[in-house]
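Residue strings, one per chain:
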Amino acid sequence: MNKALVNKVKETFVDKFNTQPLVVFSPGRINIIGEHTDYNDGFVFPAAVNKGIVAAFQKNDSDTSLAYAIDVDDTLEFSVDNIQPLAKESWGNYVLGVIAEIQKKGLSVGNFNVVFSGNIPAGSGMSSSAALENSVVFGLNELFNLGLTREDMIFISQKAEHNYVGVNCGIMDQYASMFGIKNHALLLDCRSIEAQPFHIDFEGYELMLINTNVKHSLSDSAYNDRRSVCESISEMLNIKALRDATENDLETVKDKVTEENYQKALFVIQENKRAELASKAMSDGDLKTLGELIYGSHHGLQHQYKVSCEELDYLVDQTKENDHILGARMMGGGFGGCTINLIAKSAVNDFKTKISELYKNKFGKDCSIYSVELADGTGLVTV
Ligand code: GAF
């Protein structure tokens, strides 16, 4: 977490509202492997990072709430007694959606003021949305003593995203952001919502993100389409989710689905397996195998699930001839955002220079490169 960010949010709150706030930090996440498996009840391997959203809250005993987003310099005014969705793509839907979902549980919140700012690069695929939702539900839970558990909170955040933002996301992002553990990644079973923490120490290697700095606009609708395809094939197979299917099971409906959709379901089944194998490789300290699985994940996301894009594929392709990089793939929902790379620490500087130049020459724009630190999940900021 970034102290300057916390101070900025706190000071802005005090300037605006003349009272001391309760401050929450909620992190973004990376995902080592297991992409588009969460809404198929499968395995994912995310970790919370030290970039996120800081939110400062206080009750205001009035009939209006004010939410101010420093980063877009925009204020939203509303009453908790009349929560309605805003136009699509309004940042306020993340806030209002959480309030609506809290109210659906029969819990009541009063009016309040909140100020937000964050340092997760927009569109990077590091889930600023889950961080924002979690910061709101966590802050309101504290402020109004709602008695929600962390598990309750992640499902509230997820439903806010479904019902107010319009993305039928799985639970990975909200889970990682809420339950992150410093220096650990979490092998999460998205059916049981149980996770096994893995201490991440790759010795001479590290995880590096490269942001394409693009976000292609079809991402939300394509995401929901992919989810529907998975659900309809599960229904055909008479199972709860694709997590329950083997490749042989899928063969039995091959002639009832298009080749494209067959490949998508096959990807999910294979990606789920890769996530499990990755945890084994990590337990064995077998980074070579981990890297191969990561490349396999990208190949499937690009050619079978079809959620990659030219910029992501280019960044991954450039790593393939580099002996110091064991694996690279697109991360998150797709159509832009970051690649995640397993790279030798000794090679980071040279590769950064090289890839920055290549990317700029190819696409006429800069990529951004971040080293990640794995962090604790959502919590109160006490300093
Ligand atoms: C997005 C979603 F929000 C997650 O639930 C997950 O499905 C991910 O895309 C793909 O793995 O981040």
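No experiment lies behind these values; they were computed from the predicted model shown. (Residues numbered from 1 in each chain as written. Predicted model: local features only at pLDDT ≥ 70, side-chain atom pairs only at ≥ 80, totals over all residues.)

### Points about the sheet that holds strand S11 (residues 336-344)
Here is step 1: If you trace the four strands from one edge of the open sheet to the other, you get S10-S11-S9-S12, paired in antiparallel fashion. Among the strands making up the open sheet, the edge pair consists of strand S10 (325-330) and strand S12 (368-371). This sheet shows a mean twist of 20° between the axes of neighbouring strands, independent of strand direction.
Here is step 2: Bridging between S10 and S11 involves five bridges; their strand directions are antiparallel. Each residue of the ladder has a partner; that of Ile325, found in S11, is Ile343.
Here is step 3: Of the strands in this sheet, strand S9 (205-215), S10 and S11 touch helix H9 (residues 287-303), which is tilted by about 30° from S10. (Pairing = 2+ DSSP bridges. Helix = DSSP H or I, 4+ residues; strand = E, 2+ residues; numbered from the N terminus. Axes fitted to C-alpha atoms, helices over the stretch in contact; angles between N-to-C directions. Contact = placed C-beta atoms within 7 Å.)

### Remarks on helix H4 (residues 150-165)
Here is step 1: With 16 residues, H4 should cover 22 Å at 1.5 Å per step; its first-to-last C-alpha distance of 21 Å lies within 8% of that length.
Here is step 2: Met153, Ile154, Ile156, Ser157, Gln158, Lys159, Ala160, Glu161, Tyr164 and Val165 are the residues of H4 that are buried.
Here is step 3: Buried residues along H4 sit against helix H2 (92-104), helix H3 (128-143) and helix H5 (172-179).
Here is step 4: Trailing H4 by a residue or two, Gly166 shows a phi angle of about 90°, which is positive. (Expected span 1.5 Å × (residues − 1). Buried ≥ 20, exposed ≤ 12 C-beta atoms within 10 Å, placed from the backbone.)

### So, the UniProt feature "domain: Galactokinase N-terminal" (unreviewed entry) in the protein
Here is step 1: In the UniProt entry, the feature "domain: Galactokinase N-terminal" (unreviewed entry) is given for residues 11-59.
Here is step 2: A distance of 17 Å separates the end C-alpha atoms of residues 11-59, which is 14% helix and 53% strand. (UniProt positions renumbered as here; feature names shortened; annotations may be inferred.)

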